[in-house]
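This is what each chain is made of:
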Amino acid sequence: MKFGIKVLFFLFLFINSLYANSYVDSLTLTKIKKSIQKEEDIALAYKKYIFERGTNKFDNTLVTVQKLIDLDYLPKGFNIKNSFGKEIIIKENHKLETFTDSDLTLKQGLDDYFLNKYRSNTKAPLSINKNDVEIILSSDETYKIEFADKITTNKATLGTLSGYYLDEKGILHWYDNGNYKYTLSKDLIVDNSVSILTDEGTISSDFLQLVKDKNFMYAGQKILKESEDSVEQYLNTNKNLVDLNPSKRVGKTLMRFTNSGAAVIINGDIFTWGNNSKMTVSIGKNTYTNSSGNPGTGVPVTNVMVNAKSIVYDNSDATNFNNKKFYSSPIRPNFIDFFSTDSAVCGVSLKGELYCGGEDILENNYIPFTNYTKGSSTNMEYLYRSTFFTGDENKAKSVLILDNTYLVLNRKKTDTVEGYNIYFWGKDNLKGFAGTGKNTESNIFTPTKSSSDIRFTDITNTISNENKKILGLDTVGNLYIWGLISGNNCIDNGIDFCTPRKLESELNFSSIFSGIDFFTVIDTSGNFYRVSTNGEIESAVSIMDKSYKDIYNEDDARILSVDFTKNGMVWVNSKNQLKGDYTLSSTDALFEDAISQIQWAKIKVIRDDNNKDNKAMCGIDVNNQMYCWGYMVVNSSAQNDSVSGLLLPMFNANLHDETKDFLFLENSSNSITTVTSGDWIKDSKYFIKYPTYIGGFNYEFIFK
């Protein structure tokens, strides 16, 4: 019996000893995991410091853990010692000095410590005898360390010297003797002044000299040469640079919808259609004979795309070209931005010139144009060049036409800072769109600089007549909003609606787009947001999560495109599926089947008056084919209740009746000539019931 008790006693001691050893190992493992996490936190802060500052030094001395805390790269109160009481020290060559211990009780923990299984920003020592932890740097961080002596975060210090300017986003820009030359990002972005290839297709000596000893060229690298509105692409094969643009397109392919119609830019040419009562379609006249053979008395509506006719300048043969009416000549202007209404068309050329045509701009809200005499009322369908925005002393970037106010983003030749100022003119500024802080200006027929000194990169507007405002994007990614929706007083509740008002946000934005009642904006991380005319910013993802829980899933976490209806939104998700409020009241199984058959890339709401019957949308698929559906007639900008034109030319959709193949339609008594039937007509008006391919629009459009 005593023997049995002794056996049980020793067995208890043995088991208790095993449990105690296991407990020590478990506790030690937890402490080691915490130490690894601390090393990871320090490494991440160190990497961020290099990314933002282009060096690992502070006052010419290697940055310390304490300095990372002081500079807010690590949180206040961060303990610089690991879980075993040893201070973690940053060493040269991107190492961390760490603890070592050969105590057998640490064996399990040390195995984990040296196996890297809890690490992503650090690499464990190779053995207990090589005890420094390595911080894993990206290629960008390694490059910045290599060229740290040539990097500054203050561009002004470069002056006329050569070196890298590191911007607030951590991107390097090289300046040669004070002149900008290239940017190092995912691709190599080269300034337009840099010659890349010779006429023989070999690498130019200027480019070779520019990249000499810079150590960033590699096989497979893309090189983008940017002018203001066009891009050339080259591929580095390690032996040569291959031109990826054997036939280069001019500028961007843009499509802009307004409350009175639409127009496009394709390969630098402006195409218009629809209401031609004010000579905005280049067909030579706006009179017509109706279907009864009598002179028409309604609104003439052109049913096909027409290439705008532009007068040519600055060429020894310009007069001869114009006299011969040779408008599609090799010397025609190439456009990169435009705005079109039912009474005026204006375009900005690649050179920064402003061209305009149509009765309103030439005769009513006029400014001087070369080769056009005000009061002549002749050839108003041509596009004439402004005598002010010639691309020389004044260089235009974009244009808006809102009521009786015309706006142009302009940069003067003498400007030394980035961005563009707002210039305006017109019969009145009743809605405060000029951004001057008042709305009393009238009969301003000379382009006049707005009192605001904000430097913008882009401006856009909401489309609906009853909810019209302007949104601007400045050079550092801030948003500004202005314009009166109702009333005549600029200041209401302490807010000046006639002055660009900065929207408070910690985000930096990169792109802005028009919408019916809301703006769509994109931040520098590629995330989409909705901006209301009150200036409220809300992320598209949060709207989906709040209002579309029944259809929102993990595929919607990344959005490819989004736009907003009056009461909802529609988007393209990461699986190229179209989701949200894209349906019409007439939606049936065939409609949904057609939607599901298309792999979507972009979506745009082009009409919405809070009635499903009167909604319209266009989307682009992954093959750059455009599909549209909905109510395709539009209202006059002057009379909201008057049907005036078409959102899309009917012939491009193949929906016209074969017995009514009219290129020219008449709008009389609030009704356009009916040339469709069945599913393609509603209330005697043009209606696309199903997602229909629009021929001639198979381009990678940017919906402005």
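Residues numbered from 1 in each chain as written. Predicted model: local features only at pLDDT ≥ 70, side-chain atom pairs only at ≥ 80, totals over all residues. Heavy atoms only, no water.

### A closer look at the overall build of the chain
Helix and strand counts for the chain stand at 9 helices and 49 strands. Burial statistics for the chain: of 704 residues in total, 49% are counted as buried. Within the chain, residue pairs in contact and separated by at least 24 positions form 52% of the contacts whose partners lie at least 6 positions apart. (Helix = DSSP H or I, 4+ residues; strand = E, 2+ residues; numbered from the N terminus. Buried < 20%, exposed > 50% of the residue type's maximum accessible area, 1.4 Å probe, protein only. Contact = heavy atoms within 4.5 Å.)

### Side note on the state of the cysteines
One pass over the structure, following the stated rule, counts 3 disulfides. A disulfide bridge connects Cys 346 with Cys 356, and the sulfur atoms are separated by 2.0 Å. Taking the sign of the torsion about the S-S bond as the criterion, the disulfide between Cys 346 and Cys 356, at about 110 degrees, is right-handed. Residue Cys 346 is found in strand E20 (residues 345-349), and its partner Cys 356 is found in strand E21 (residues 353-357); the two are separated by 10 residues along the sequence. The pair Cys 346 / Cys 356 is uniform in exposure class, with both members buried. For Cys 490, the disulfide goes to Cys 498, at an S-S distance of 2.1 Å. Residues Cys 490 and Cys 498 are joined by a disulfide whose S-S torsion is about -85 degrees; by sign, that bridge is left-handed. (Disulfide = S-S within 2.5 Å.)

### Details of empty space enclosed by the protein
All told, the structure shown has 4 cavities of 30 Å³ or more when counted by the stated rule. By volume, the second largest cavity is sized at about 70 Å³. Along the wall of the second largest cavity there are 13 residues; nearest its centre are Ile 672, Thr 673, Ser 684, Lys 685 and Tyr 686. Looking at the lining of the second largest cavity residue by residue, the class counts come to 8 nonpolar, 4 polar and 1 charged. (1 Å grid on protein atoms, 1.4 Å probe; cavity = no way out; pocket = protein on both sides within 12 Å on 5 of 7 lines; lining within 4 Å. Points joined across faces, edges and corners; volume = space filled by probe spheres on them. Nonpolar A, V, L, I, M, F, W, Y, C, P; charged D, E, K, R; others polar.)

### Focus: the sheet that holds strand E22 (residues 384-390)
With antiparallel pairing, 4 strands are arranged side by side in an open sheet as E19-E20-E21-E22. Here the strands that pair on one side only, and so sit at the sheet edges, are strand E19 (335-340) and E22. Between one strand axis and the next, the sheet turns by 25 degrees as a mean value, whatever way the strands run. Here E20 pairs with E21 via 4 bridges, running antiparallel. Looking across to E21, one finds that Val 345 is bridged to Gly 357. (Pairing = 2+ DSSP bridges. Axes fitted to C-alpha atoms, helices over the stretch in contact; angles between N-to-C directions.)

### Let's talk about unusual backbone geometry
In this model, Asn 379 sits at a positive phi of 50 degrees, which is unusual for a non-glycine residue. A positive phi angle, close to 60 degrees, is found at Asn 624, a residue other than glycine. In this structure, Asn 624 sits in the loop between strand E41 (616-621) and strand E42 (626-631).

### Considering the sheet that holds strand E32 (residues 501-502)
With respect to topology, 4 strands assemble into an open sheet ordered E27-E28-E29-E32, the strand pairing being antiparallel. Single-partner strands in this sheet number two, and they are strand E27 (456-461) and E32. Here 5 bridges tie E27 to strand E28 (residues 470-474), and the two strands are oriented antiparallel to one another. Bridge pairing in E28 places Phe 456 opposite Asp 474.

### Examining the packing of aromatic side chains
In this structure the tally under the stated criterion is 35 aromatic pairs. Ring centres of Phe 388 and Phe 389 lie 4.8 Å apart, and the angle between their planes is 80 degrees; this geometry places the pair in the edge-to-face category. Residue classification places Phe 388 among the partly exposed positions, given a relative accessible area of 23%. Measuring from ring centre to ring centre gives 5.7 Å for Phe 509 and Tyr 529, while their planes differ by 90 degrees; the resulting arrangement is edge-to-face. Here Phe 509, found in strand E33 (residues 509-513), pairs with Tyr 529, found in strand E35 (residues 528-531); they are 20 residues apart in sequence, far enough to count as distant. For the residue pair Phe 509 and Tyr 529, the accessibility class agrees, reading buried in each case. Among the aromatic residues, ring-to-ring pairing joins Tyr 143, Phe 147, Tyr 164, Trp 174, Tyr 182 and Phe 216 into one connected group. (Phe/Tyr/Trp six-rings, centres within 6.5 Å; stacked < 30°, edge-to-face > 60°.)

### A word on the environment of Leu 44
Note on placement: Leu 44 falls in helix H1 (residues 2-53). Residues Leu 44 and Thr 122, 78 residues apart in the sequence, show an inter-C-alpha distance of 8.9 Å.

### A word on helix H4 (residues 139-146)
For H4, every residue scored as buried is listed here: Glu 141, Tyr 143 and Lys 144. All buried residues of H4 project into a common sector of 160 degrees when viewed along the axis, lining one side. (Arc of directions from axis to C-beta.)

### What to know about the pattern of salt bridges
Inspection of every chain in the model, using the stated rule, returns 26 salt bridges. Residue Lys 144 is joined to Asp 140 by a salt bridge in which the shortest nitrogen-to-oxygen separation is 3.0 Å. Within this pair, Lys 144 and its partner Asp 140 are both found in helix H4, separated by 4 residues, close to a single helical turn. Put simply, Lys 566 and Asp 517 hold a salt bridge, and the shortest N to O gap is 2.6 Å. Within this pair, whereas Lys 566 is found in the loop between strand E37 (559-564) and strand E38 (569-573), its partner Asp 517 is found in the loop between E33 and strand E34 (519-523), the two being separated by 49 residues in sequence. With respect to class, Lys 566 is no different from Asp 517; both count as buried. Within this structure, Arg 256, Asp 337, Asp 458 and Lys 704 form a network of salt bridges that share partners. (Salt bridge = Lys/Arg side-chain N within 4 Å of Asp/Glu carboxyl O.)

### Observations concerning the pairing of strand E12 (residues 222-226)
In this structure, strand E11 (residues 188-191) lies alongside E12, joined through 4 bridges in parallel fashion. Within E12, the residue paired with Val 190 across the bridge is Lys 225.

### Here's the deal with the nonpolar core
Leu 354 and Ile 361 are the most contacted members of the largest nonpolar core, which totals 52 residues. When residues in this core are grouped by element, the largest group, 5 residues, is from strand E23 (residues 394-402). When residues no more than four places from it in sequence are discounted, the contact partners of Ile 361 are Ser 343, Ala 344, Cys 346, Cys 356, Tyr 366, Ile 367, Phe 369, Tyr 406 and Trp 425. Counting 51 residues, the second largest nonpolar core, distinct from the first, contains Leu 584, Val 634, Leu 647 and Phe 697. (Core = buried A, V, L, I, M, F, W, Y, C linked by side-chain atoms within 4.5 Å.)

### A word on the side chain of Lys 604
Residue placement: Lys 604 occurs in strand E40 (residues 600-607). At 2.4 Å, the side chain of Lys 604 forms a polar contact with the backbone oxygen of Ser 514. Beyond its immediate chain neighbours, meaning those up to four positions away, Lys 604 contacts Ser 514, Gly 515, Asp 563, Ala 616, Met 617, Cys 618 and Phe 703. (Polar contact = N/O pair within 3.5 Å; in protein donor to acceptor, adjacent residues only side chain to side chain.)

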